[in-house]
Amino acid sequence: TGPLKDMNFSIPEEGGVRFIYQFTSKLPAVTFRATGEKDGIIDIVPRTGVLYLNGSLDWENKTVHRLQVESLDEKGNKVEGPYTVTIFVEDINDNPPEFEQAKYTGVVRQNSRPGKPFMYVHATDRDDPTTPHGQLTYSILHHFPNPYEEMLFQIDSVTGAISPSKAGSYYLDPQKQDSFTLVVTARDMAGLTMNAFTSSTDVIITVKESLWKAPSTIHIQENSTQVHPVNISQVYSNEPDVIYDIFEKEKLPRLPFSIDQNGVIYVTEPLDREEKESYTFFLVTKDHEGELVDKPLQVHIIVEDINDNPPVCQQALTVLEVQENEGGGSNIGTLFATDMDKEDTLNSRLQFKIESQVPAVPESNLFYIQQDTGILQLTTHSLNRRIASNYSLKVVVTDSVFQTICDVQIHVIDINDQIPIFEKSDYHNMTVAESLPVGTVILEIQATDGDEPGTGSSYILYQMKEGDPNNTFIIDTDSETNRGFVKINKPLDFEATPVYNLVINATNPEPLVSGVQYNSSSLTLFKVFVTNVDEPPVFHKPAYRTELYEDVPVNTLVVTVEAYDPEGDSVR
């Protein structure tokens with residue numbers, strides 16, 4: 001009991017109905033009144049001035065209640081006050097810890113450093129965190145499975161950080177056991193008493209292989225126009241704060257690669273496949289004392305060809321001829337183009353399309369070109385030489401990046417009813433040395449044709465019909481005289497083929513008319529004798545390559561090289 005004045009009270013929560021204090025006042029006060037944060041729980045008896053609780057306070061809902069208390073006379077006039085009465089609610093330990101998740105999942109890497117957290121659990125407690133009621137400690141209650149005497153995992157009792165133990169760092173192996181379940185508890189009262197609330201949660205841990213792995217073979221296009229250095233891959237150590245470095249396998253004037261301290265591998269300059277088509281080096285990690293942390297990783301780089309060459313028309317102007325009686329669908333010739341990019345890749349794949357035709361025929365295309373072969377065909381059943389004797393085509397030849405315009409001129413000619421006739425049916429024989437260089441002309445041949453001069457019906461193509469399966473020889477034709485020049489196309493080899501019995505035929509680019517066929521007059525014979533030339537020995541391989549550890553003993557066999565003599569002589 002006491003007079004009206006500003007007062008503070010501290011009352012534990014959950015106490016139920018109770019008397020707090022009785023106020024007194026000087027005359028002529030006869031009643032008391034309380035206003036403010038009563039919340040239906042706190043009130044005052046008007047006649048006696050008793051401040052009381054008619055229920056339980058709850059710290060979790062409200063920690064402080066502020067009231068104003070005053071005394072009144074019989075007419076309701078204020079005598080004293082209002083005075084501030086503050087009630088502080090004291091927390092009691094009435095709430096268990098609650099984990100933020102019913103179940104946690106985490107991933108740990110094989111060979112991870114002991115004590116390095118890979119995940120956290122966290123629980124909360126609604127009680128006052130400034131008291132032991134809301135202060136939690138964590139522990140591992142169960143560990144499933146636990147094949148060793150020591151636990152493979154540990155938890156920080158304050159932070160909830162889970163990390164491998166020393167045993168875990170050594171034994172964890174996804175090949176043996178890739179999943180573990182921990183039962184983790186959170187206990188309030190700061191772990192100081194047994195009279196504390198405890199909650200638990202399951203932690204599912206997946207064990208994965210080490211992060212420290214060599215990247216797959218890296219392919220880099222040559223002559224890159226990107227701004228260098230360029231990120232080409234990345235490696236990851238299982239350990240933080242390591243120093244990444246490159247160890248050269250080959251002693252090169254310069255190694256065009258680097259690695260930063262995040263494990264990112266860079267190519268530092270454009271590569272040239274023609275200069276070097278592959279690179280091999282090692283990656284290492286070191287601590288700040290310079291000691292190796294992880295085993296070295298080998299990195300292999302392949303330099304790839306890029307499409308940096310446009311298609312090239314084999315001839316500035318491709319001239320073809322078609323007889324005016326040719327039927328629709330007939331092949332009238334081939335537009336040849338080349339690409340210097342790597343053979344048998346998409347970089348050198350060429351496609352053809354007719355862009356224009358002069359003279360044009362309204363609503364009709366007289367010619368069609370096969371997209372992937374360059375073969376030109378007629379789309380109409382016949383051409384009329386009196387309407388047009390020549391057609392000019394512009395053909396777009398494209399690879400995946402570039403395009404080139406090739407010019408084609410098509411002459412409409414009379415029908416081909418005369419066959420080429422050789423001036424000699426047998427050119428007898430010739431003796432040549434096997435050392436004769438490629439491109440040497442060894443024979444000139446001549447056939448004549450009675451069709452219209454300067455047309456595909458009279459132009460003569462010479463070919464080896466028999467006796468040259470490997471295309472050792474080639475025949476060029478002089479377009480003005482139809483004279484043929486037999487040349488060496490591939491190196492001669494006395495040991496492989498000492499004699500060639502050649503059968504040469506002469507044909508026209510334009511097909512013969514129906515009823516006319518090539519016969520023996522369009523064939524001639526020629527025999528080539530190849531003489532032996534003493535040749536130097538030849539190694540079985542152009543290069544021998546092997547690898548040795550730096551500490552192999554002296555006199556260890558490194559490699560055996562082998563060579564042979566084309567003439568069968570002994571080699572030393």
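Thresholds, definitions, all that
- Residues numbered from 1 in each chain as written.
- Predicted model: local features only at pLDDT ≥ 70, side-chain atom pairs only at ≥ 80, totals over all residues.
- Heavy atoms only, no water.
- Helix = DSSP H or I, 4+ residues; strand = E, 2+ residues; numbered from the N terminus.
- Rg over C-alpha atoms; globule rule 2.2 N^0.38 Å.
- Buried < 20%, exposed > 50% of the residue type's maximum accessible area, 1.4 Å probe, protein only.
- Pairing = 2+ DSSP bridges.
- Disulfide = S-S within 2.5 Å.
- Domains from an automatic or database assignment.
- Buried area = accessible area lost by both parts, 1.4 Å probe.
- Salt bridge = Lys/Arg side-chain N within 4 Å of Asp/Glu carboxyl O.
- Phe/Tyr/Trp six-rings, centres within 6.5 Å; stacked < 30°, edge-to-face > 60°.
- Lys NZ or Arg CZ within 6 Å of the ring centre and 35° of its normal.
- Contact = heavy atoms within 4.5 Å.
- Axes fitted to C-alpha atoms, helices over the stretch in contact; angles between N-to-C directions.
- UniProt positions renumbered as here; feature names shortened; annotations may be inferred.
- Core = buried A, V, L, I, M, F, W, Y, C linked by side-chain atoms within 4.5 Å.

Participant: In this structure, what is going on with the overall build of the protein chain? I would like to understand it.
Facilitator: A count of helical and extended segments in the protein chain gives one helix and 43 strands. In terms of C-alpha radius of gyration, the protein chain reaches 49 Å, well past the compact-globule figure of 25 Å for 572 residues. Based on the C-alpha atoms only, the size of the protein chain along its principal axes is roughly 155 × 80 × 40 Å. For the protein chain, the proportion of its 572 residues judged to be buried stands at 38%.

Participant: Any chance you could explain the environment of lysine 251 here in plain terms?
Facilitator: Here lysine 251 is to be found in the loop between β20 (243-248) and β21 (257-259). Relative accessible area serves as the criterion here: at 74%, lysine 251 is assigned to the exposed category. Between the C-alpha atoms of lysine 251 and glutamate 324, which are 73 residues apart in sequence, the distance is 68 Å.

Participant: Help me understand the pairing of strand β17 (residues 198-208), please; the structure alone is not making it clear to me.
Facilitator: The side chains of a regular strand alternate, first on one face of the sheet and then on the other. Residues Ser199, Thr201, Val203, Ile205 and Val207 line the buried face of β17, whereas the alternating positions Thr198, Ser200, Asp202, Ile204, Thr206 and Lys208 sit on a face that is not buried. One ladder, built from nine bridges, connects strand β16 (residues 179-187) with β17; its direction is antiparallel. Residue pairing in the sheet places leucine 182 in a bridge with valine 203 of β17.

Participant: Would you take a moment to explain the state of the cysteines for this structure?
Facilitator: A full pass over the atoms with the stated rule returns one disulfide. Disulfide partner of cysteine 313: cysteine 406, at an S-S distance of 1.9 Å. Disulfide cysteine 313-cysteine 406: the torsion about the S-S bond is -100°, which places it as left-handed. Of this pair, cysteine 313 sits in strand β25 (residues 312-313) while cysteine 406 sits in strand β33 (residues 403-413), placing them 93 residues apart in sequence.

Participant: So what exactly am I meant to see when it comes to the domain arrangement of the protein chain here?
Facilitator: Frequently, the measure chosen for interface size is the accessible area that the parts lose on association. What the domain assignment lists for the protein chain is domain 1 (2-90), domain 2 (98-208), domain 3 (218-304), domain 4 (312-413) and domain 5 (420-531). Spacing between the C-alpha centres of domain 1 and domain 2 amounts to 48 Å. Both sides of the domain 1 and domain 2 interface together cover about 300 Å² of buried area, and 48% of this is carbon and sulfur. Linking domain 1 with domain 2 are zero salt bridges.

Participant: What should I look at first to understand the packing of aromatic side chains in this one?
Facilitator: Aromatic rings in a pair are described by how distant their centres are and how their planes are angled relative to each other. For the structure shown, the criterion picks out 16 aromatic pairs. Cation over ring: lysine 276 sits above tyrosine 279, and NZ or CZ is 5.4 Å from the ring centre.

Participant: Please explain the environment of arginine 47 as it appears in this structure.
Facilitator: With respect to the helices and strands, the residue arginine 47 is situated in the loop between β5 (42-44) and β6 (50-53). Separated by 16 residues in the primary sequence, arginine 47 and threonine 31 place their C-alpha atoms 4.9 Å from one another. Apart from residues lying up to four places away in sequence, arginine 47 is in contact with Val30, Thr31 and Phe32.

Participant: Explain the sheet that holds strand β18 (residues 218-221) to me, please; I cannot follow it from the model alone.
Facilitator: Through backbone hydrogen bonds, the strands of a sheet pair up, either in parallel or in antiparallel fashion. Spatially, β18-β24-β23-β20 is the arrangement adopted by the four strands of the open sheet, whose pairing is mixed. In this open sheet, the two strands that pair with only one neighbour each are β18 and β20. Strand-to-strand, the axes of this sheet are offset by a mean angle of 35°, without reference to chain direction. Pairing of β18 with strand β24 (residues 297-304) involves four bridges; the strand directions are parallel. Paired with isoleucine 220 across the strands is valine 303, a residue of β24.

Participant: Explain the sheet that holds β17 to me, please; I cannot follow it from the model alone.
Facilitator: Here four strands make up an open sheet; going across it, the order is β10-β17-β16-β13 and the pairing mixed. Every interior strand has two partners, whereas the edge strands, β10 (103-109) and β13 (137-144), have only one. Going from strand to strand, the sheet's axes swing by 30° on average, the running direction of each strand aside. Here β10 runs beside β17; their pairing, made up of seven bridges, is parallel.

Participant: When you look at unusual backbone geometry in this model, what are you seeing that I'm missing?
Facilitator: Trans is the common state for peptide bonds, and a negative phi is the common state for residues other than glycine. Looking along the chain, the bond that leaves leucine 27 and enters proline 28 is cis, with omega of 10°. Structurally, proline 28 can be placed in the loop between β3 (18-24) and β4 (31-36). With omega at 0°, the peptide bond leading from glycine 81 into proline 82 counts as cis. Tracing the chain through its elements places proline 82 in strand β8 (residues 78-90). Residue asparagine 471 is not a glycine yet carries a positive backbone phi of 55°. Turning to its location among the elements, asparagine 471 is positioned in the loop between β37 (461-466) and β38 (473-477).

Participant: Where do I start with the pattern of salt bridges in this structure?
Facilitator: When the charged atoms of two side chains with opposite charge come close together, those side chains can pair. The full count for this structure, using the stated rule, is 12 salt bridges. Here lysine 213 and glutamate 209 are joined by a salt bridge, their closest N and O atoms 2.5 Å apart. Since its relative accessible area comes to 43%, lysine 213 is described here as partly exposed. According to the relative accessible area criterion, glutamate 209 is partly exposed, its value standing at 35%. Here aspartate 407 makes a salt bridge to lysine 394, at a shortest N to O gap of 2.8 Å. One end of the pair, aspartate 407, is in strand β33; the other, lysine 394, is in strand β32 (residues 390-398), and 13 residues separate them in sequence. Residues joined by salt bridges that share partners form a network here, namely Glu37, Asp39 and Lys62.

Participant: Would you explain the UniProt feature "domain: Cadherin" (unreviewed entry) in the protein chain in this entry?
Facilitator: In the numbering adopted here, UniProt assigns the feature "domain: Cadherin" (unreviewed entry) to residues 6-99, 100-313, 314-422 and 424-539. For residues 424-539, the end-to-end C-alpha separation is 45 Å, with 0% helix and 46% strand making up the annotated structure.

Participant: What exactly am I supposed to notice about the environment of alanine 433 here?
Facilitator: Looking at the element boundaries, alanine 433 is found in strand β35 (residues 426-433). Using a relative accessible area of 26% as the deciding quantity, one classes alanine 433 as partly exposed. As for alanine 433 and glutamine 371, which are separated by 62 residues in sequence, their C-alpha atoms are 45 Å apart. For alanine 433, the residues in contact, after removing those within four places along its chain, are Leu492, Thr531 and Val533.

Participant: It is not clear to me how the nonpolar core should be interpreted in this structure. Could you clarify?
Facilitator: Across soluble globular proteins, nonpolar side chains have a tendency to be buried as a group. Of all hydrophobic cores here, the largest spans 23 residues; its most connected members are Leu335, Phe352, Phe367, Val395, Val397, Val408 and Ile410. Every element with two or more residues in this core is listed here: β26 (317-323), β30 (367-369), β31 (375-378), β32 and β33. Apart from the residues lying within four places of it in its own chain, the contact partners of valine 397 are Pro311, Leu335, Ala337, Leu350, Gln351, Phe352, Phe402, Gln403, Thr404 and Cys406.

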